[in-house]
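Structure at a glance
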Amino acid sequence: IVAAVEAGRGVFANIRKYLMYLLAANLGEIGLLLGASVLGRPLPLSAVQILYVNLATDGLPALALSVDPQEPDLMRRLPRSRQAGIFTRPVVTLIAVGGAWSAIVTLGLFTWTLSADRELEEAMTITFATLVLIEFFKAYSFRSDRHSVLHRPLANRWLNLAIAWELLLVLLVVNVPFLQDAFGTVSLSPQTWLLVAGAALTIVPVLEVAKRVLNRSAAGR
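The sections below set out a description of the structure shown in this document. Keep in mind it's a predicted model, so treat the numbers as computed, not measured. Within any chain, residue numbers begin from 1 and follow the written order of that chain's sequence. Local features in this predicted model are restricted to residues whose pLDDT is 70 or higher, and side-chain atom pairs enter the listing and the counts only when it is 80 or higher, whereas totals over whole chains, interfaces and linings include all residues. Side-chain metrics in this entry use all non-hydrogen atoms of the structure; hydrogen atoms and water are not considered.

**A few points about a nonpolar patch on the surface**
Think of a patch as exposed residues, more than 30% relative accessible area, with no salt bridge, where like charges cluster within 9 Å and nonpolar side chains (Val, Leu, Ile, Met, Phe, Trp, Tyr) cluster within 5 Å. Method for areas: the Shrake-Rupley scheme with a 1.4 Å probe, in which residue coverage is limited to the protein chains shown. Salt bridge, as used here: a side-chain nitrogen of Lys or Arg that lies within 4 Å of a carboxyl oxygen of Asp or Glu. A cluster of nonpolar side chains, L60, L63, W165, L168 and L172, forms an exposed patch at the surface whose accessible area comes to about 450 Å². Secondary structure is summarised from DSSP: a helix means a run of H or I of at least four residues, a strand means a run of E of at least two, and numbering begins at the N terminus for each. Elements with a contribution of two residues or more to the nonpolar patch: α3 (59-65) and α6 (157-175). If you tally residues by element for the nonpolar patch, the top one is α6, at three residues. Exposure classes here rest on a 1.4 Å probe applied to the protein chains alone. A residue is buried below 20% of its type maximum, exposed above 50%, and partly exposed in between. Looking at W165, the relative accessible area reads 45%, which means it is partly exposed.

**Quick look at the nonpolar core**
In plain words, nonpolar cores are sets of buried Ala, Val, Leu, Ile, Met, Phe, Trp, Tyr and Cys residues tied together by side-chain atoms within 4.5 Å. Y52, L94, F128, F142, L159 and W193 are the most contacted members of the largest nonpolar core, which totals 47 residues. Sorting elements by how many residues they give to this core places helix α5 (residues 120-141) first, with 10 residues. In this description, contact between two residues means that some pair of their heavy atoms is separated by no more than 4.5 Å. In this structure F142 touches K17, M20, Y21, A24, L94 and L207, once residues within four positions along its chain are discounted.

**Quick word on the side chain of E208**
Residue placement: E208 occurs in helix α9 (residues 203-219). Here S148 takes part through its side chain, which lies 3.1 Å from a polar atom of the side chain of E208. Not counting residues up to four positions away in its chain, the partners in contact with E208 are S148 and V149. Polar contact is defined as a pair of N or O atoms within 3.5 Å, subject to the rule that within protein one atom must be able to donate a hydrogen and the other to accept it, and that residues adjacent in sequence are counted only when both atoms are side-chain atoms.

**Observations regarding the packing of helix α1 (residues 2-38) against α5**
Note on definitions: angles span 0 to 180 degrees between N-to-C directions of axes, and those axes are lines fitted to C-alpha atoms, for helices only across the stretch in contact. One can describe the packing of α1 onto α5 by two numbers: an axis separation of 10 Å at closest approach and a directional angle of 155 degrees. The orientation of α1 relative to α5 falls into the category roughly antiparallel. Crossing of α1 over α5 shows right-handed handedness. The segment α1 lies against α5, with Y21, A24, A25, E29 and L32 engaging T127, L131, E135, K138 and A139. For the contact of α1 with α5, the per-class residue count stands at six nonpolar, one polar and three charged. Orientation is classified from the angle alone, with under 35 degrees giving roughly parallel, over 145 giving roughly antiparallel, 65 to 115 giving roughly perpendicular, and any other angle giving oblique. For a crossing to be left-handed, the near helix must be turned anticlockwise from the far one by less than a right angle; the clockwise case is right-handed. Only Asp, Glu, Lys and Arg are considered charged in this grouping, and only Ala, Val, Leu, Ile, Met, Phe, Trp, Tyr, Cys and Pro are considered nonpolar; every other residue, Gly among them, is considered polar.

**A word on helix α8 (residues 190-201)**
Between the first and last residue of a helix there are one fewer steps than residues, each counted as 1.5 Å, and that sum is the expected span. Over its 12 residues, α8 extends 16 Å from the first C-alpha to the last, a length consistent with the 16 Å expected when each residue adds 1.5 Å. Within α8, the full set of buried residues consists of T192, W193, V196, A199 and A200. Buried residues of α8, viewed axially, fall in a sector of 130 degrees; they line one side. Turned more than 90 degrees away from the buried face of α8, the exposed residues are P190, Q191 and L194. Each C-beta atom gives one direction from the helix axis, and the arc is the one those directions make.

Nothing here speaks to function; it is all geometry.
What follows is the structure, encoded as structure tokens:
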């Protein structure tokens, strides 16, 4: 009975991680496109780039989260109410924060790049690369809605392999000439890649702060 309860809790937790990641990713994309439209900017991503993010970048990491190792304190938590669904207040909050910050960062970077008189294709490539890297960092952050991203950060080997594979594909999409023609990308300088990585990394501390605030709120009840 104990083993069955533990397995059930693990499955439920992984379903929640899977949904948190995908919904936050999609919310960020919607916010980016909607924000650009409201500001009167060109579309920051082409249709094929959006398709790539949804099918390739989000796919494997999401699947890897569905088989994430169980958290060590899983059986020490209080039983979940039978009326409580997946979308609790902390889960919805993390989805909203992750999606909103992703939209803010990518839209801000796209707007700044255009204002710096860079070509539209370069601005779209920077936005595309930043969005992809944000999703990678977000996948590790969403491995737990309680623990820090630094808590057993590489415990999910399937997620590590998925991110490594997707990162290789993104580098090819941005740098290989015939893939550039297909995806509408251009090569980026090392300095620009550092800017992209730095902007994408900001999602981690934002989600960590959100987790801490939610955990303190729950502890104070």
